[in-house]
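What the coordinates show
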Amino acid sequence: MDVQTLLSLLFEPGFFTSEPVRTAAVIGAAAAIVSGVVGVFTVIRGQSFAGHSLADVSSAGGSAAFLFGINPLLGFLGMGVLAAMSMELVRADRASERDLVTGVVTGAGLGVAALFLYLDMTTSSTTGAAVTVMFGSIFAIPASLVPLALLVGAGALLAIGVLYRPLLLSSLDPDLAAVRGVPVRLMGLLFLIVVALAVALSAITVGAILSTGLLIGPAAIALHLAKRPGLAILLAAVIGVAVTWGGILVSYDSYEWTGGRGWPVSFCIVMLIFVAYAVVAQTGPARERRQEHPLPSGEKPHVTSAG
Amino acid sequence: MFEDFMVNTWIAATLVAVVAGIVGFFVVIRGASFAAHALPLSAFPGAAAANLVGVNPLLGLLVFSGLGVAGISQLARRGRRDLATALSLVMLLGLGALFLSRTTEYFQAVYALLFGEVLGVSNADLGPVALLGAVSVALIVILFRPLLLSSVSPELGEARGVSARLMEALFLSVVALATAMALPVVGALLVFSLMVGPASAARALTNRPLSAMLLSGAISVVTVWAAIALSFISDWPVGLFVGGLSALTYGAGRSWAWAGERGL
């Protein structure tokens, strides 16, 4: 079999020339990189639930954007930032209380999402807003959204870059960070806002409720493979881009296998993430240590600070 | 508001509220909000799958919430619980995205499953709701002491022969049952509001476990009744009011506890 045939087996015709695919690949990669980088901190800080909740609440913004005809990315973004601030502003010292606050904010935010989706449905019955907001539609992203998406992504990465040392310290050991004069609470707030940026990007890619996959999946895999935060961040970004592009490719190709019905991109990406995590969790170096000293929920993993 | 077609709604919503309030008490003291959020959400693709295969949606919900419990417990053995929860959740939701792309049922159905459809409760729906609710409450009653002990102090529980892992699995199963029961009525995303808001308020009002649990059930019922009434009057979705009122209840509970600490 020559290379040409192999390539055309792997990539169905038109994959590289299709405009929607190119837009999807660019925005998908941006979302994956930002989510991977931010995700490592999210996992270290034990804030998976907060990350997921921001996505849920931001869906209220996404559905409002449909209603008012504004840019969906801005909708997700606005509501996500609002949710991040309300979660951090309610003072919660214990982890279990923080969980409750997150849950209550999520419930209220989802209520608002219910309202906007309901209004979407009653005022314009043709748009599949609920499905698009919740599960994303990466091939339907207009190319005009690319500059804004890249800007948001760059902003999030820049923020992480600027905050890197104090954020890492306050994530690994809040008490030590406080002693060294790091404003731990402010870090928490700024970090959640950055998470909201990451989540908004993946919400338009894989949908609000699946953005958790891109945020947590690659980061969890990376932290299994690498113990040093810097390396884990790099790895998470690479894994994120790999599964996203892989998912787009599988989804695109699946139109051929399934007779034009295709598998949704979100499904393909999430499955790749899940399989990768399952494999790494079985074989990763972290396994024996975790089993000897099972971590109680909410406790931070033993990640050694880089230098 | 109390016309014939609303009678079933009131009955079903009351049953759901009582069960969610009671189960919610344990959700709050175990700090299991994420699991309580993830299980309903990951059960929801079950309804789409059932629709695809042509079986009773309730069966699909039960199977998928069971898968959620299995996924969380299995993955949590090798890693942290919040990661296990997040990853099981997205995996099942990913399947949901696939099933939804395969069904012709689209917009209304997805919306109803996510946010509930309290006005469409038929006589035939009431039976399963009552049955699953009764089983959930019965399990909580039977497990009350060991579950409470294991939730408050897993170490003490282990010392007295109560396996923390078994209690976790049983607890998640009860949440899953309550989920399957409540999902068709209040929707995947708001079962959870009912499990968290009223119970956290109740905990702020009393320190005694049994009173807190009963109070939580009562607050939950009042929340749901008010939400249905407001929804009926305004014609806005019931989910908005369930979520909003739960947040208000939580806020009220926090303020009460705050005032109590300062001797007001």
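Everything quoted here is computed from the prediction, not taken from an experiment. (Residues numbered from 1 in each chain as written. Chains lettered and ligands numbered in written order. Predicted model: local features only at pLDDT ≥ 70, side-chain atom pairs only at ≥ 80, totals over all residues.)

So, the overall build of chain A
For chain A, the count of helices and strands is 13 helices and 0 strands. Going from N to C terminus, chain A has its helices and strands arranged as α-α-α-α-α-α-α-α-α-α-α-α-α. Nonlocal contacts in chain A, meaning residues at least 24 apart in sequence, comprise 77% of its contacts between residues at least 6 apart. (Helix = DSSP H or I, 4+ residues; strand = E, 2+ residues; numbered from the N terminus. Contact = placed C-beta atoms within 7 Å.)

Describing the overall build of chain B
What chain B contains, in helices and strands, is 11 helices and 0 strands. For chain B, the succession of helices and strands along the chain, N to C, is α-α-α-α-α-α-α-α-α-α-α. Taken over the C-alpha trace, chain B has a radius of gyration of 18 Å; the compact-globule value for 264 residues is 18 Å, and the two agree within 12%. By principal-axis analysis of the C-alpha atoms, chain B measures approximately 55 × 45 × 30 Å. The 264 residues of chain B split such that 58% are buried. Residue pairs in contact within chain B that sit at least 24 positions apart in sequence constitute 76% of those at least 6 positions apart. (Rg over C-alpha atoms; globule rule 2.2 N^0.38 Å. Buried ≥ 20, exposed ≤ 12 C-beta atoms within 10 Å, placed from the backbone.)

A look at the interface of chain A and chain B
At the junction of the two partners, chain A supplies 49 residues and chain B supplies 46 residues. Among the elements of the structure, helix H3 (48–68), helix H5 (95–123), helix H6 (129–135), helix H10 (211–225), helix H12 (265–283) and helix H13 (286–292) of chain A are those that each provide at least two residues to the side of chain A that touches chain B. For the side of chain A that touches chain B, the leading source of residues is H5 of chain A, giving 18 residues. Of the residues belonging to the side of chain A that touches chain B, the class tally is 31 nonpolar, 15 polar and 3 charged. (Nonpolar A, V, L, I, M, F, W, Y, C, P; charged D, E, K, R; others polar.)

Observations concerning unusual backbone geometry
Residue and element names in this part refer to chain B. A positive phi angle, near 70 degrees, is found at aspartate 235, a position not held by glycine. Among the structural elements, aspartate 235 can be located in the loop between helix H10 (209–234) and helix H11 (238–261). Here aspartate 235 falls in the exposed class, since 8 other C-beta atoms lie within 10 Å of it.

Focus on the packing of helix H7 (residues 146–172) of chain A against helix H9 (residues 184–206) of chain A
Describing two packed helices takes the angle between their axes plus the distance from one axis to the other. Residue and element names in this part refer to chain A. Across the interface, H7 lies against H9 with an axial gap of 9 Å and an inter-helix angle of 150 degrees. Here H7 is positioned roughly antiparallel relative to H9, judged by the angle of their axes. Relative to H9, the crossing made by H7 is left-handed. For the pair H7 and H9, the contacting residues are Ala149, Val152, Gly153, Gly155, Ala156, Ala159, Ile160, Leu163, Pro166, Leu167 and Ser170 in the first and Val184, Met187, Leu190, Phe191, Val194, Leu197, Ala198, Ala200 and Leu201 in the second. (Axes fitted to C-alpha atoms, helices over the stretch in contact; angles between N-to-C directions. Parallel < 35°, antiparallel > 145°, perpendicular 65-115°, else oblique. Left-handed = near helix turned anticlockwise from the far one by under 90°.)

Quick notes on the UniProt feature "transmembrane region" (unreviewed entry) in chain B
Residues and elements named next belong to chain B. If you check UniProt for "transmembrane region" (unreviewed entry), the listed places come out as residues 7–29, 49–71, 83–100, 129–149, 169–192, 212–233 and 239–259 in our numbering. When the span residues 83–100 is considered, its composition is 100% helix and 0% strand, and the gap between its end C-alpha atoms is 25 Å. Between the first and last C-alpha atoms of residues 212–233 the distance is 31 Å; the span itself is 100% helix and 0% strand. (UniProt positions renumbered as here; feature names shortened; annotations may be inferred.)

What about helix H6 (residues 123–152) of chain B?
Residues lying three or four places apart along an α-helix face the same way, a consequence of the helix completing one turn every 3.6 residues. Residues and elements named next belong to chain B. In a regular helix each residue adds 1.5 Å, so 30 residues correspond to 44 Å; H6 covers 40 Å between its end C-alpha atoms and thus fits that length. Maximal helix bending in H6 amounts to about 70 degrees, located at phenylalanine 144; proline proline 146 follows within four positions. Every buried residue belonging to H6 is among Val129, Leu132, Gly133, Ser136, Ile140, Leu147, Leu148, Ser150 and Ser151, and all of these are buried. (Expected span 1.5 Å × (residues − 1). Bend = angle between axes of the 7 residues up to and from the residue.)

Concerning the nonpolar core
Counting 205 residues, the largest nonpolar core has Ala196 of chain A together with Val16, Val23, Leu87 and Val175 of chain B as the members making the most contacts within it. Ignoring sequence-local partners within four residues, the contact set of valine 16 of chain B consists of Val129, Met181, Ala182, Val185 and Val186 of chain B. (Core = buried A, V, L, I, M, F, W, Y, C linked by C-beta atoms within 7 Å.)

Considering helix H8 (residues 164–186) of chain B
All names here are of chain B. The first and last C-alpha atoms of H8 sit 31 Å apart over 23 residues, in line with the 33 Å expected at 1.5 Å per residue. When the local axis directions of H8 are compared, the greatest deviation, roughly 30 degrees, occurs at alanine 180, which is followed within four positions by the proline proline 184. Across the 23 residues of H8, 17 count as buried, placing the element largely inside the fold. Glycine 187 sits one or two residues past H8 and shows a positive phi near 90 degrees.

Quick look at the UniProt feature "transmembrane region" (unreviewed entry) in chain A
Residue and element names in this part refer to chain A. Those residues carrying the UniProt feature "transmembrane region" (unreviewed entry) are residues 20–44, 65–85, 100–119, 131–164, 184–210, 231–250 and 262–280 in this numbering. Its end C-alpha atoms 35 Å apart, residues 20–44 is made of 100% helix and 0% strand. In residues 231–250, the share of helix is 100% and the share of strand is 0%. The end C-alpha atoms are 28 Å apart.

Topic: the packing of helix H11 (residues 229–257) of chain A against H12 of chain A
Residue and element names in this part refer to chain A. Closest axis-to-axis distance for the H11/H12 pair is 8 Å, and the angle between their directions is 135 degrees. Relative to H12, the element H11 lies oblique. Crossing handedness for the pair H11 and H12: right-handed. Along its contact with H11, which presents Ile239, Val243, Thr244, Gly246, Gly247, Ile248, Val250 and Ser251, the element H12 presents Val265, Cys268, Ile269, Leu272, Ile273 and Ala276. Looking at the contact of H11 with H12 residue by residue, the class counts come to 10 nonpolar, 4 polar and no charged.

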